[in-house]
Amino acid sequence: MKSEILYSESLFLCKNCPNNKFELTFQSKDISYNLWYKNIANSKEEYMSEKLYETIEITDLKDMLNKTKELYGDKPAYKIKQKDENTQPNYKVITHKEVRNMIDALGTALIDIGLKDKRIAVIGENRYEWEIAYLSVVCGTGTVVPLDKALPENELENLIERSEIEAIFYSSKYEEILEKIKQLEKEGKFDVIHAHDWLVATSAKTLKQAFGIPVVATIHATEAGRNSGIHDEAQRYINDTEWLLTYEATEVIVNSNFMKGHVQGLFGLPFDKINVVPNGINITNFNGIERDYEFRRQYAMDNEKIILFMGRLVYEKGVQHLISAMPKILSNYNDAKLIVAGKGGMLDDLRGQVDAMGLSSKVYFTGYLNAKQVQKMYKCADVAVFPSTYEPFGIVALEAMLAGVPTVVSDVGGLNEIVDHGINGMKAYAGNPNSIADSVLSILYDGKLANNIAKNAKAKVKEEFNWNKIAQDTHYIYEKAICKTVAEKQAEEIEQEKAKKAAKAKNTDSEIVNLLNFKKKHAYA
């Protein structure tokens, strides 16, 4: 009767076999293999007690090396092919005794140079030197970190950094790569990752996890703020990525108190995690630059006061409200002209608005200006106006103030914090053309007010918005982030140690219970 053999993973079952016995025969090329499985119904203990071969008990690798040396001391462990001009192969024999002596000598040398209980990496080709290095570490010196020789350079560098090794065994093939890594170590490790805005959120998170160092994130604007909410999936993706960046960051930097409240409310961050560091400006930007009348005459006549807007032509910059304010301004001060410098998606709409209002002779669009032209334009202006409806900071206002131009801003966001009304600038209600016109006319009509405002504004910019001060504030935040990360690591290590002790105590209790149960069973027996 033919027996049916079923195989599942490592279990053979035999149907129609007498006494649960079967014989399995299969072919491989010209060799027949026979497997006889005896009485599978017997207990596991019975087979465990049957010894097929005499074995040597080995407790660890060190014990294995010692016993191998005793048993096979002068027998070959390796045969190494020597480089020889002769056609006949020449092999060098290394015995088991010599291998053990090499391991002892190398391990002793490692301890002598202070590498006891340290992490030591090994990387190289498959050769006996690799094994000697590996075993010399694991047999009492420290912890070995075997590195995959197939890893690309950047991953190898990352792994060396993360494993916190003290020394590396390597073959000559990896000398150039490791010299580069050694040079990086010499120059100093990175202490903090500074990520600016959502585009680098994923990279910052990956680097943080790879190197175990803190992230400081700068958020100068949000997708929700720019669009007055989240209206589609693309905006939702950006908003979620912004949240991820602030979540992963140890410290978050914003450029105004307005943005601090906005980011805290939008992403639910702890208030003390958010730091205000304003944008800065090079305080020497306008040194040696005077009003260029030839340049000015390209845009306005000598008798006309220039009202300047500088920036992107997008809705939140509020240029449309400034254009709407021009009829009131011109009805009270006819010798004025609005210069709109910049480019953006609303250019055609704004031109259409100007034409519809009959202001073509009093509003001029310059288009893009280069850095030199921007400096000259500020120096030619009599009033600078920034009527934004959403503005996290407003660095253009700083530029105008530093250039000595009396400045009008809307009372929103960072602009509201930069200017003190009537002291170093004028404010207007956001989105209100009538309020904008009133503030502009106050400067045009009152020369003394305009001079005082310009003088105070320049002094404020030089004192509060210079790069030295901003660098000091940023450095302090870096130190905060690093200290927090160190404290978190220490707390985590303490918790891990407590967990290890608790687990060890639990295992000890379990072993005692098992021992008592074992003794109790034997007592009953």
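Please read these numbers as outputs of a predicted model, since none were measured by experiment.

**Student:** For this particular structure, what's the right way to read the overall build of the protein chain?
**Tutor:** When helices and strands are tallied, the protein chain shows 19 helices and 19 strands. The proportion of buried residues among the 525 residues of the protein chain is 38%. Within the protein chain, contacts between residues separated by at least 24 positions form 62% of all contacts whose residues are at least 6 apart in sequence. As displayed, the protein chain has an accessible area near 31600 Å², and 51% of this comes from carbon and sulfur atoms.

**Student:** It is not clear to me how the pairing of strand β14 (residues 305–310) should be interpreted in this structure. Could you clarify?
**Tutor:** It is a general feature of regular strands that their side chains alternate between the two faces of the sheet. Counting buried positions over the 6 residues of β14 gives 5, a clear majority of the element. Alignment of β14 against strand β15 (residues 336–341), held across 6 bridges, turns out to be parallel. Paired with F309 across the bridge in β15 is V340. Judged from the 2 bridges that link them, β14 and strand β17 (residues 383–386) form a sheet pairing that is parallel. When the sheet's bridge partners are listed, L308 is paired in β17 with A384.

**Student:** How do you make sense of helix α17 (residues 433–445) when you look at a structure like this?
**Tutor:** Spacing of three or four residues puts side chains on the same side of an α-helix, whose turn is 3.6 residues. In a regular helix each residue adds 1.5 Å, so 13 residues correspond to 18 Å; α17 covers 18 Å between its end C-alpha atoms and thus fits that length. Taken together, the buried positions of α17 are occupied by S435, I436, A437, S439, V440, L441, I443 and L444. Here the buried face of α17 lies against β14, α12 (319–332), β17, β18 (407–410), β19 (426–428) and α18 (447–464). Measuring from the side-chain oxygen of the N-cap residue of α17 to the backbone nitrogen of N434 gives 3.1 Å; that N-cap residue is N432.

**Student:** Is there a simple way to explain the sheet that holds strand β8 (residues 143–146) in this structure?
**Tutor:** Across a sheet, strands are paired by hydrogen bonds formed along the backbone, either parallel or antiparallel in direction. Across the sheet, which stays open at both edges, the 3 strands sit in the order β8-β7-β9 with parallel pairing between neighbours. Two strands close off the open sheet at either side, each with one partner strand: β8 and β9 (167–170). Adjacent strand axes in the sheet meet at a mean angle of 25° when their direction is disregarded. Direction of pairing for strand β7 (residues 119–123) relative to β8: parallel, over a ladder of 4 bridges. Considered in β8, the bridge of A121 is made with V145. Strands in contact with helix α4 (residues 128–138) are β7, β8 and β9; relative to β8, the strand with the most contacts, it is inclined by about 145°.

**Student:** Sorry if this is basic, but what is going on with the sheet that holds strand β12 (residues 251–254) here?
**Tutor:** Within the open sheet, the 4 strands sit side by side as β10-β11-β12-β13. Their pairing is parallel. Of all the strands in the sheet, the pair left with one neighbour each is β10 (193–196) and β13 (274–276). Neighbour to neighbour, the strand axes of the sheet diverge by 25° on average, direction disregarded. Across 4 bridges, β10 lies against strand β11 (residues 215–218) in parallel orientation. In the sheet register, H196 faces β11, and the bridge partner there is T218. The sheet contacts of helix α7 (residues 201–211) involve β10 and β11, and relative to β10 the element is tilted by about 170°. Strand contacts of helix α10 (residues 257–267): β12 and β13, with the helix running at about 165° to β13, the strand carrying the most contacts.

**Student:** Explanation requested: the nonpolar core in the structure shown.
**Tutor:** Soluble globular proteins tend to pack their nonpolar side chains together in the buried interior. Judged by nonpolar contacts, the single largest core of 68 residues is most densely connected at L308, I329, Y378 and F386. Here this core gets 7 residues from one element, more than from any other, and that element is α12. Non-local contacts of Y378, meaning those with residues more than four positions away in its chain, are made with F286, L308, M310, F386, V396, E399, A400, A403 and V405. Within the second largest apolar cluster, 19 residues are counted, among which are I193, L245, A249 and I274.

**Student:** Looking at this structure, I do not really get the pattern of salt bridges. What am I missing?
**Tutor:** When the charged atoms of two side chains lie near each other, side chains of opposite charge can form a pair. For the coordinates displayed, the defined rule picks out 20 salt bridges. Across the salt bridge formed by R297 and E294, the nearest N and O atoms sit 3.1 Å from each other. Looking at R297, the relative accessible area reads 42%, which means it is partly exposed. One salt-bridge network, in which partners are shared between bridges, spans E125, R127 and E129.

**Student:** Would you mind showing me how to read helix α2 (residues 61–72) here?
**Tutor:** For α2, spanning 12 residues, the distance from its first C-alpha to its last is 16 Å, which sits close to the expected 16 Å at 1.5 Å a residue. For α2, every residue scored as buried is listed here: D63, L65 and T68. The secondary structure elements touched by the buried residues of α2 are α3 (96–112) and α4. With a side-chain oxygen lying 3.2 Å from the backbone nitrogen of K62, the N-terminal cap of α2 falls on D60.

**Student:** Please explain the packing of α2 against α3 as it appears in this structure.
**Tutor:** Taken N-terminus to C-terminus, the directions of α2 and α3 make an angle of 145°; their axes are 8 Å apart at the nearest point. Note that α2 runs across α3; the crossing there is left-handed. Between α2, through K62, L65, N66, T68, K69 and Y72, and α3, the contact on the second element is made entirely by H96, K97, R100, N101 and I103.

**Student:** Sorry if this is basic, but what is going on with the packing of aromatic side chains here?
**Tutor:** Counted by the stated rule, this structure contains 10 aromatic pairs. An angle of 75° between the planes, with centres 5.5 Å apart, marks the rings of Y299 and Y364 as edge-to-face. With a gap of 65 residues between them, Y299 in the loop between α11 (293–296) and β14 and Y364 in strand β16 (residues 363–367) connect regions that are remote in the sequence. Since its relative accessible area comes to 8%, Y299 is described here as buried.

**Student:** Whenever I open this one, the environment of K67 confuses me. Can you help?
**Tutor:** Secondary-structure assignment places K67 in helix α2. Judged by relative accessible area, which is 26%, K67 ranks as partly exposed. For the pair K67 and I56, spaced 11 residues apart in the sequence, the C-alpha separation amounts to 8.8 Å.

**Student:** What's the story with the side chain of D197 in this structure? I'm lost.
**Tutor:** The topology assignment puts D197 in the loop between β10 and α7. In this structure, D197 is buried with no salt-bridge partner, the nearest side chain bearing the opposite charge being R226 at 4.9 Å. Once residues lying within four places of it in the same chain are set aside, the contact partners of D197 are T218, A221, E242 and L245.

Cut-offs applied
Residues numbered from 1 in each chain as written. Predicted model: local features only at pLDDT ≥ 70, side-chain atom pairs only at ≥ 80, totals over all residues. Heavy atoms only, no water. Helix = DSSP H or I, 4+ residues; strand = E, 2+ residues; numbered from the N terminus. Buried < 20%, exposed > 50% of the residue type's maximum accessible area, 1.4 Å probe, protein only. Contact = heavy atoms within 4.5 Å. Areas by Shrake-Rupley, 256 points an atom, 1.4 Å probe, with all protein chains shown as cover. Pairing = 2+ DSSP bridges. Expected span 1.5 Å × (residues − 1). Polar contact = N/O pair within 3.5 Å; in protein donor to acceptor, adjacent residues only side chain to side chain. Axes fitted to C-alpha atoms, helices over the stretch in contact; angles between N-to-C directions. Core = buried A, V, L, I, M, F, W, Y, C linked by side-chain atoms within 4.5 Å. Salt bridge = Lys/Arg side-chain N within 4 Å of Asp/Glu carboxyl O. Left-handed = near helix turned anticlockwise from the far one by under 90°. Phe/Tyr/Trp six-rings, centres within 6.5 Å; stacked < 30°, edge-to-face > 60°. Lys, Arg positive; Asp, Glu negative; His and termini not counted.

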